[in-house]
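# Coordinate analysis (summary)
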Amino acid sequence: MTRASSSPRPNLRPNLRAPATPALPPATPRDPAAPLPDLGREELARYGRHLTLPEVGLEGQKKLKAASVLLVGAGGLGAPLGLYLAAAGVGRIGLVDFDTVDHSNLHRQVLFAAGDVGQSKLAAARRRLLDVNPFIQIDTHEVRLTSQNALPILADYDIVADGTDNFPTRYLVNDACVLLGKPNAYGSIFRFEGQASVFWAKQGPCYRCLYPEPPPPGLVPSCAEGGVLGILPGIIGTIQAAEVIKLILRTGDTLVGRLLLLDALTMRFRELKLRKDPECPLCGAHPTIRTLIDYEQFCGSPIGQETSELPEQVIEPALLKDLLDRRAPVLLLDVRNPDEWSICSLPGATLIPLPQLPARLQELDPQAEIVVYCKLGGRSADAAGFLRQSGFGRVRNLRGGIDAWAREVDSSLPRY
């Protein structure tokens, strides 16, 4: 849905405890007096492999058709979630997103094709999901999810599946689900690592029980900065879809009270037992959070922006171009990794990857005018702040990084 930090875990020690396995969750919220919808001949043929499963059967398939699921985010996780829930016959799927399809989405967001680039994600996703299954309903909410609209949007669905990629929205979705009593099928991805769980305060812990506080702003890079294996959201997203289907059918053991961790480099899964924190301010014995809060303030950074800098600490690409054209004495400092440098770089720049910067400060002149850049501006903001704290008085961060330079100044430069 949004594009800031997407690490599976904050760089904090989570609350991990070892409880007993939680009881089987009750049925998803729906009017018990309402009859289940019938299946037509084509639907019976379509879902035949489900109907022969005792755990699903005809009644279970009708439950799937009667269910409603909201996907928050139509990106890497939302794509497999949407495709498999639609194919499974979940009768009503809601999508929340406000982004457009970009070339950089295509290696992992399998809902979209090259012809969708530049289009609304929700419009493209709706077409694709109805092409997968014309017997379902797709609702679209083309808005940024906020504290003002989250409760009325989420309230209309049985289950919420969190495919967000930033901490403010993740806490927002969690808190809204707790206040509404909804189960939250959670997943997150970063580089080669993923995690999944089901947070449901009626049956077990919520996200705040695991991570009471978000990480400091800028500490965890976004997927755009840190990268993500394209296959990874497919694995985690389909796990989320499986959890949603089990919640609807009331079958199997869900991930309520369990956190599933995946390291795709070694292809190893680990499982951590979780339990509700009795002192959780949201779902504990004496909650102090009774309404949605300002999540950007809580997480310390606006959604879509990892750091907050003063205007004089940032330089626009056009102004930097003017300085370079006038041959002003500016040191360009590239803090990306060498693999990114090999794709493209600004002429005359010096490469010092961010992790190496503290050990290589002596290579830089504290009196020089320095412009720091990375891909999008997050890592370079951290580098610029570190340089200022280290006594460098004339440091600015290139707004939007080399990606903004390629878009606004030099279109011949490859974007990645």
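Residues numbered from 1 in each chain as written. Predicted model: local features only at pLDDT ≥ 70, side-chain atom pairs only at ≥ 80, totals over all residues. Heavy atoms only, no water.

So, on to the pattern of salt bridges. It is possible for side chains bearing opposite charge to pair when their charged atoms get close. Enumeration over the complete set of coordinates arrives at 22 salt bridges. A salt bridge links Asp99 to Lys121, with the shortest nitrogen-to-oxygen separation between them at 4.0 Å. With Asp99 in the loop between strand S2 (92-96) and helix H5 (121-132) and Lys121 in helix H5, the pair connects residues that are 22 residues apart, well separated along the chain. The exposure classification of Asp99 matches that of Lys121, with both residues buried. Through salt bridges with shared partners, a single network forms among Glu316, Arg399, Asp403, Arg407, Glu408 and Arg415. (Salt bridge = Lys/Arg side-chain N within 4 Å of Asp/Glu carboxyl O. Helix = DSSP H or I, 4+ residues; strand = E, 2+ residues; numbered from the N terminus. Buried < 20%, exposed > 50% of the residue type's maximum accessible area, 1.4 Å probe, protein only.)

What follows covers a nonpolar patch on the surface. A cluster of nonpolar side chains, Phe192, Leu229, Ile231 and Leu265, forms an exposed patch at the surface whose accessible area comes to about 380 Å². Position of Leu265 among the secondary structure elements: in the loop between strand S7 (258-263) and strand S8 (268-273). (Patch = residues over 30% accessible without salt bridge, like charges linked within 9 Å, V, L, I, M, F, W, Y side chains within 5 Å. Areas by Shrake-Rupley, 256 points an atom, 1.4 Å probe, with all protein chains shown as cover.)

Let us now look at empty space enclosed by the protein. Counting across every chain of the model gives two cavities of 30 Å³ or more. Each pocket or cavity is described by its volume, and for the second largest cavity that value is around 40 Å³. If you go around the second largest cavity, the residues you meet are Cys344, Lys375, Ile402, Asp403, Ala406, Pro414, Arg415 and Tyr416. Taken together, the residues that form the lining of the second largest cavity break down as five nonpolar, no polar and three charged. (1 Å grid on protein atoms, 1.4 Å probe; cavity = no way out; pocket = protein on both sides within 12 Å on 5 of 7 lines; lining within 4 Å. Points joined across faces, edges and corners; volume = space filled by probe spheres on them. Nonpolar A, V, L, I, M, F, W, Y, C, P; charged D, E, K, R; others polar.)

Of the residues in the protein chain, 89% have a pLDDT of 70 or more, and the chain-wide mean is 91. This stretch, residues 1-7, has a pLDDT under 50; its non-local contacts, to residues over four places away or in other chains, come to 44 contacts. Segment residues 9-13: pLDDT under 50, and 15 contacts once partners within four positions in sequence are set aside and those in other chains are kept. (pLDDT = per-residue confidence, 0-100. Contact = heavy atoms within 4.5 Å.)

The buried fraction of strand S6 (residues 193-199) amounts to six of the seven residues, a majority that puts the element mostly inside the structure. Hairpin connection, strand S5 (residues 184-190) to S6: the antiparallel pair is bridged by two residues, and Arg191 has positive phi, about 55°. Of the strand pairs in this sheet, S6 and S7 are connected by four bridges, and their pairing is antiparallel. Within S7, the position partnered with Gly194 by the bridge is Leu262. (Pairing = 2+ DSSP bridges.)

Next up on the list: the side chain of Ser380. Assignment of secondary structure puts Ser380 in helix H14 (residues 378-389). Note on Ser380: relative accessible area 0%, which makes it buried. From its side chain, Ser380 meets the backbone oxygen of Gly377 in a polar contact 3.3 Å long. Beyond its immediate sequence surroundings of up to four residues, Ser380 is in contact with Val335, Val372, Tyr373, Cys374 and Asn397. (Polar contact = N/O pair within 3.5 Å; in protein donor to acceptor, adjacent residues only side chain to side chain.)

This part covers the environment of Leu413. With respect to the helices and strands, Leu413 occurs in the segment after helix H15 (401-408). Accessibility expressed as a relative area gives 13% for Leu413, which makes it buried. Residues Leu413 and Ile402 lie 11 residues apart in sequence; the distance between their C-alpha atoms is 8.9 Å. Apart from residues no more than four positions distant in its own chain, Leu413 is found in contact with Cys344, Ser345, Leu346, Ile402, Trp405 and Ala406.

With that settled, the discussion passes to the sheet that holds S2. The strand order across the open sheet formed by eight strands is S3-S2-S1-S4-S5-S6-S7-S8, and the pairing between neighbours is mixed. Every interior strand has two partners, whereas the edge strands, strand S3 (137-141) and S8, have only one. Here the strands of the sheet are splayed against their neighbours by 15° on average, with no regard to which way each runs. Across seven bridges, S5 lies against S6 in antiparallel orientation. Across the sheet, Gly187 pairs through a bridge with Ala196, a residue of S6. (Axes fitted to C-alpha atoms, helices over the stretch in contact; angles between N-to-C directions.)

Ranked by size, the top nonpolar core spans 49 residues in total, and within it Leu85 and Ile93 carry the most contacts. Apart from the residues lying within four places of it in its own chain, the contact partners of Ile93 are Val69, Leu71, Gly82, Leu85, Ala86, Ile136, Gln137, Ile138, Asp139 and Tyr157. Within the second largest apolar cluster, 27 residues are counted, among which are Tyr207, Leu210, Leu292 and Cys299. (Core = buried A, V, L, I, M, F, W, Y, C linked by side-chain atoms within 4.5 Å.)

A separate point is the environment of Gly284. Turning to its location among the elements, Gly284 is positioned in the loop between S8 and helix H11 (295-299). Given the relative accessible area of 13%, Gly284 is considered buried. Along the chain, Gly284 and Pro205 lie 79 residues apart, while their C-alpha atoms are 8.9 Å from each other. Setting aside chain neighbours within four positions, we find Gly284 in contact with Asp277 and Pro278.

Attention now moves to the sheet that holds strand S9 (residues 314-315). Strands pair in a sheet through their backbones, by hydrogen bonds, and they do so in one of two ways: parallel or antiparallel. The five strands lie next to each other as S9-S13-S12-S10-S11, forming an open sheet whose pairing is parallel. Each end of this open sheet is capped by a strand with a single partner; those strands are S9 and strand S11 (350-351). Here S9 pairs with strand S13 (residues 395-398) via two bridges, running parallel. If you follow Ile315 over to S13, its bridge partner there is Leu398.

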